Amino acid sequence: MSLPELTETTSPDRVERDALPGSRGEHFLQCALETTDRATRFYSDQVLDHLNPLMVSFVARMEMAFVSTADADGECDSSLRAGPAGFLHVVDSRTLVYPEYRGNGVMASLGNIMENPHVGMLMVDFTEDLIGLHVNGAARIAPFEEFAELAGEDRKVERWVVVSVEEAYIHCRKHIPRMVPVDRIRDWGTDDVRRKGGDFFEAKATKAAES
């Protein structure tokens, strides 16, 4: 089935978009593909503009989050942020803070945030409840000193990303695989090539062969 064209008769304006979460594109497709009623129930039942107590508790036990950003032109990047449980900090029901450690120096996510503050986060419990939490909002980069007390004894934190929560909603469990955590040593902030994974996908070797 081909996707419909955006037309006057399938405009998202028909569903009073301003009163609902979501993008113009998703409301357009809901109208065109006749899923508006189902989507509206989800918005009504599941989408909050803040983190409720159960969400706060969920965030506090997460050890990783997937973070999506885009630059001013809409070029996208997705990345993984990880740390011990509690590395994601809920300052209040509308503010989430996570640390930035020393990385590869590219600054892809932070660079995007400087151009475009919109950020999407996905946290997934793969081991116990098999459920996920989406958090969408506006992000800014904060110096270490602004939230130094959150670092505790962790001196590897270089700066923070502060997310103002605009949407928070469930990611259903039906396709989430169950995983078993295994203890391992994590070399936070290391520059050791081998510990970082080296040229696992042979990108450097491929470039050398092509040159």
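Residues numbered from 1 in each chain as written. Predicted model: local features only at pLDDT ≥ 70, side-chain atom pairs only at ≥ 80, totals over all residues. Heavy atoms only, no water.

**So, the overall build of the protein chain**
Phase 1 of the analysis: Counting its regular elements, the protein chain contains 7 helices and 7 strands.
Phase 2 of the analysis: The N-to-C order of helical and strand elements in the protein chain reads α-α-α-β-β-β-β-α-β-β-α-β-α-α.
Phase 3 of the analysis: Structurally, the protein chain occupies a C-alpha span of about 55 × 50 × 35 Å along its principal axes.
Phase 4 of the analysis: Residue burial in the protein chain is summarised as follows: out of 211 residues, 33% are buried.
Phase 5 of the analysis: A separation of at least 24 residues holds for 62% of the contacts in the protein chain among residues at least 6 apart in sequence. (Helix = DSSP H or I, 4+ residues; strand = E, 2+ residues; numbered from the N terminus. Buried < 20%, exposed > 50% of the residue type's maximum accessible area, 1.4 Å probe, protein only. Contact = heavy atoms within 4.5 Å.)

**Brief notes about the pattern of salt bridges**
Where side chains of opposite charge bring their charged atoms close, a pairing between them can arise.
Phase 1 of the analysis: Tallying each qualifying case throughout the model produces 7 salt bridges.
Phase 2 of the analysis: Put simply, Asp125 and Arg61 hold a salt bridge, and the shortest N to O gap is 2.9 Å. Taken as a pair, Asp125 in strand β5 (residues 118-125) and Arg61 in the loop between α3 (53-60) and β1 (64-70) lie far apart in primary sequence, 64 residues in all.
Phase 3 of the analysis: Judged by its relative accessible area of 2%, Asp125 is buried.
Phase 4 of the analysis: A residue is classified by how much of its surface remains accessible, and Arg61, at 31% relative accessible area, is partly exposed.
Phase 5 of the analysis: Salt-bridge contacts for Glu146 lead to Arg140; the nearest nitrogen and oxygen are separated by 2.6 Å.
Phase 6 of the analysis: A cluster of three or more residues bridged by salt bridges with shared partners is formed by Arg61, Asp125, Glu128 and Asp129. (Salt bridge = Lys/Arg side-chain N within 4 Å of Asp/Glu carboxyl O.)

**Here's the deal with the sheet that holds strand β7 (residues 157-171)**
Phase 1 of the analysis: Pairing in this open sheet of 7 strands is antiparallel, and the strands run β2-β1-β5-β6-β7-β4-β3 from one edge to the other. The open sheet is flanked by β2 (76-82) and β3 (89-92), the only strands paired with a single partner. The sheet shows a mean angle of 35° between the axes of neighbouring strands, direction not considered.
Phase 2 of the analysis: Along the sheet face, α3 touches β3, β4 (95-101), β5, β6 (131-143) and β7 and points at about 75° away from the line of β6. (Pairing = 2+ DSSP bridges. Axes fitted to C-alpha atoms, helices over the stretch in contact; angles between N-to-C directions.)

**Thoughts on the nonpolar core**
Phase 1 of the analysis: In this structure, Leu88, Leu96, Met121 and Met123 are the most contacted members of the largest nonpolar core, which totals 24 residues.
Phase 2 of the analysis: Counting residues in hydrophobic clusters, the runner-up holds 9 residues, among them Ala142, Phe144, Ala151 and Val162. (Core = buried A, V, L, I, M, F, W, Y, C linked by side-chain atoms within 4.5 Å.)

**Comments concerning the environment of Leu110**
Phase 1 of the analysis: Looking at the secondary structure, you find Leu110 in helix α4 (residues 108-115).
Phase 2 of the analysis: Under the relative-accessibility criterion, Leu110 is labelled buried at 6%.
Phase 3 of the analysis: On a C-alpha basis, the gap between Leu110 and Ala70 in space is 9.9 Å, while along the polypeptide they are 40 residues apart.
Phase 4 of the analysis: With sequence-adjacent residues up to four places away left out, Leu110 is seen in contact with Glu100, Ile141, Arg159 and Val161.

**Some thoughts on the packing of aromatic side chains**
Two numbers describe a pair of aromatic rings. These are the distance of the centres and the angle of the planes.
Phase 1 of the analysis: Here the structure, examined in full by the defined rule, presents 3 aromatic pairs.
Phase 2 of the analysis: Measuring from centroid to centroid gives 6.3 Å for Phe144 and Trp160, while their planes differ by 20°, and the two rings are stacked. On the criterion of sequence distance, the pair formed by Phe144 in the loop between β6 and α5 (148-151) and Trp160 in strand β7 is long-range, its members being 16 residues apart.
Phase 3 of the analysis: Owing to a relative accessible area of 17%, Phe144 belongs among the buried residues under this scheme. (Phe/Tyr/Trp six-rings, centres within 6.5 Å; stacked < 30°, edge-to-face > 60°.)

**Things to note about the side chain of Thr69**
Phase 1 of the analysis: Of note, Thr69 is situated in strand β1.
Phase 2 of the analysis: With residues up to four places along the chain from it excluded, the contact list for Thr69 reads Glu75, Cys76, Asp77, Ser109, Asn112, Ile113, His118 and Val119.

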